[in-house]
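Listed below are the residues making up each chain.
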Amino acid sequence: MLTKRIIACLDMDGGRVVKGVRFKNLRDAGDPAACATAHAAQGADEIVLLDITATSGNRRTLLDAVRRTARSLFVPFTVGGGIRSLEDAASVFDAGADKIAVNSAAVSDPALIGRIAGRFGSQAVVVAIDAKRIDETFEVFVAGGRVSTGHNAIQWAREAAAWGAGEILLTSMDRDGTQSGFDCELVSAVAQAVSIPVIASGGAGSARDFIEVFHRGHADAALAASIFHFGIENIAQLKGELHHARVPVRWPC
Amino acid sequence: MIAIVDYGAGNLNSVKKAFDHLGAQVVVTDQPELVAAADKVVLPGVGHFSSLGALYRTGLHEVLLNGVSAKRPFLGICLGMQWCFEGSEECSEIPGAGIFPGKCRQFPSSVKSPHVGWNSLMVQHGSRLLRGIAQDSFVYYTHSFHAPQVTATTGASEHGLWFAGAVERDNVFGVQFHPEKSGEVGLSILKNFCEV
């Protein structure tokens, strides 16, 4: 049976893993390669490395971190942050990523999804969507959550899938870093709108939150960063609890 | 020496890295002569079935088939395994090698596609490639088309239906999942291939 994935996310700034609350107040959480290996050993099903302050200046830092992290990692590895072209994507794949995540660049140029998928396959393209509740709808934000686009998140997820995205990484900006639970309503709406897997992100704080997002949110995978780095919840323990709650997980792993 | 065939489909580095980790001698190459001279051959690949067309344009397919006839150990991963069948609905113009019968088909519409993630593998007793792999071990898949269950199936997984996760006959081995991304279980499978 296909299991629900638990994905550890490493937000990287200047070559170091950091974590903030609602995209702000960054705290240092270690070296990316060491964090990735530790999470994989604990049972993370996948590792995502996001360069949250990606600029052309620190592209070399990112590629170096990707190379070092990929070297001893034998679970799927996704890299995102500042990927704006097919060439950017190619250099990240070349450094050892299995999948790339595109966000802002895909919103301004959706055909980029198709170009990367055409060369590397849809399975290698994750479209990351940062969504925020505005009145009764979910709106897409870009540039690290700083810029509103006016697009509806559910509609954009459908379009991204049609362009050739292999997965949607859906972050609730309202919940990010708050540890107050995933936005199950948002996740469920997107999961039912597309046939590709949806990774829920933003708000993980306890095992109960994961159980909820799988049962009620219909997520295929759930991603968390802050709770894993500071030892609040370890992945092995989390998976044990999910297993007891009858959520199919890779356990023992 | 193990040759990893480079025909422009997907990330070969991760496959090489896994063999490097196991201490195996590997070379990534698109040269038919180098592939012909290797002791073992790995045909990886992710993405669209049409990318296998490159094997026919370069003459690599003949080298691969000659190796199979000569009982040289061969491991097809993902698209590489699908190539061992007669073809795929994904691209009817490109034939498969026909080592195993049947065509690769899409998953039923009742389940999510692509099939992405860790799924349990029902292991057939007696497989050389899956030697020592526990029943219902988890392996990582990412694909939209699946190979049919055949008599050579040694490992099966379920996603809307049961499909071949691993096949083997003589020295031809195929896995639909990605052993290079399946943690310790995957590394053990690659180690078994090194020791065939």
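Fair warning: this is a prediction, and the values are worked out from it, not measured in the lab.

Caption draft 1: Expanded view of the overall build of chain B. Helix and strand counts for chain B stand at 6 helices and 12 strands. Against the globule reference of 16 Å for 196 residues, chain B gives a C-alpha radius of gyration of 15 Å, in line with a compact fold. C-alpha atoms of chain B, sized along the principal axes, occupy 45 × 40 × 30 Å. The proportion of buried residues among the 196 residues of chain B is 55%. Long-range pairs, those at least 24 residues apart, make up 66% of the contacts in chain B between residues at least 6 apart in sequence.

Caption draft 2: Representation of the confidence of the model for chain B. Residues at a pLDDT of 70 or more form 99% of chain B, whose mean pLDDT is 95. Scored as a complex, the prediction yields pTM 0.94 and ipTM 0.91.

Caption draft 3: Seen up close, the nonpolar core. Residues A:Ile100, A:Ile168 and A:Ala222 are the most contacted members of the largest nonpolar core, which totals 149 residues. In this structure A:Ile168 touches A:Val127, A:Ile129, A:Ala157, A:Ala160, A:Val190, A:Val194, A:Ile196, A:Val198 and A:Ile199, once residues within four positions along its chain are discounted.

Caption draft 4: Structural detail: the sheet that holds strand S5 (residues 87–88) of chain B. All names here are of chain B. Pairing in this open sheet of 3 strands is mixed, and the strands run S5-S6-S9 from one edge to the other. Either end of the sheet is taken by a strand with one partner, and the two such strands are S5 and strand S9 (145–146). Bridging between S5 and strand S6 (residues 103–106) involves 2 bridges; their strand directions are parallel. In the strand pairing of S6, Ser 88 is matched with Cys 104.

Caption draft 5: Geometry of the interface of chain A and chain B. Listed per partner, the contact involves 25 residues of chain A and 28 residues of chain B. Of the residues contributing to the side of chain A that touches chain B, the split by class is 11 nonpolar, 7 polar and 7 charged.

Caption draft 6: Just the pairing of strand S4 (residues 74–77) of chain B, in detail. All names here are of chain B. Residue alternation in S4 divides its side chains into two sets, Phe 74 and Gly 76 and Leu 75 and Ile 77, and both sets are buried. As defined by bridge partners, strand S3 (residues 40–43) adjoins S4 across 3 bridges and the pair is classed as parallel. If you follow Val 42 over to S4, its bridge partner there is Leu 75. Summarising the sheet, S4 and strand S12 (residues 172–175) pair through 4 bridges and their orientation is parallel. The residue bridging Leu 75 from the neighbouring strand is Phe 173, located in S12.

Conventions adopted
Residues numbered from 1 in each chain as written. Chains lettered and ligands numbered in written order. Predicted model: local features only at pLDDT ≥ 70, side-chain atom pairs only at ≥ 80, totals over all residues. Helix = DSSP H or I, 4+ residues; strand = E, 2+ residues; numbered from the N terminus. Rg over C-alpha atoms; globule rule 2.2 N^0.38 Å. Buried ≥ 20, exposed ≤ 12 C-beta atoms within 10 Å, placed from the backbone. Contact = placed C-beta atoms within 7 Å. pLDDT = per-residue confidence, 0-100. Core = buried A, V, L, I, M, F, W, Y, C linked by C-beta atoms within 7 Å. Pairing = 2+ DSSP bridges. Nonpolar A, V, L, I, M, F, W, Y, C, P; charged D, E, K, R; others polar.

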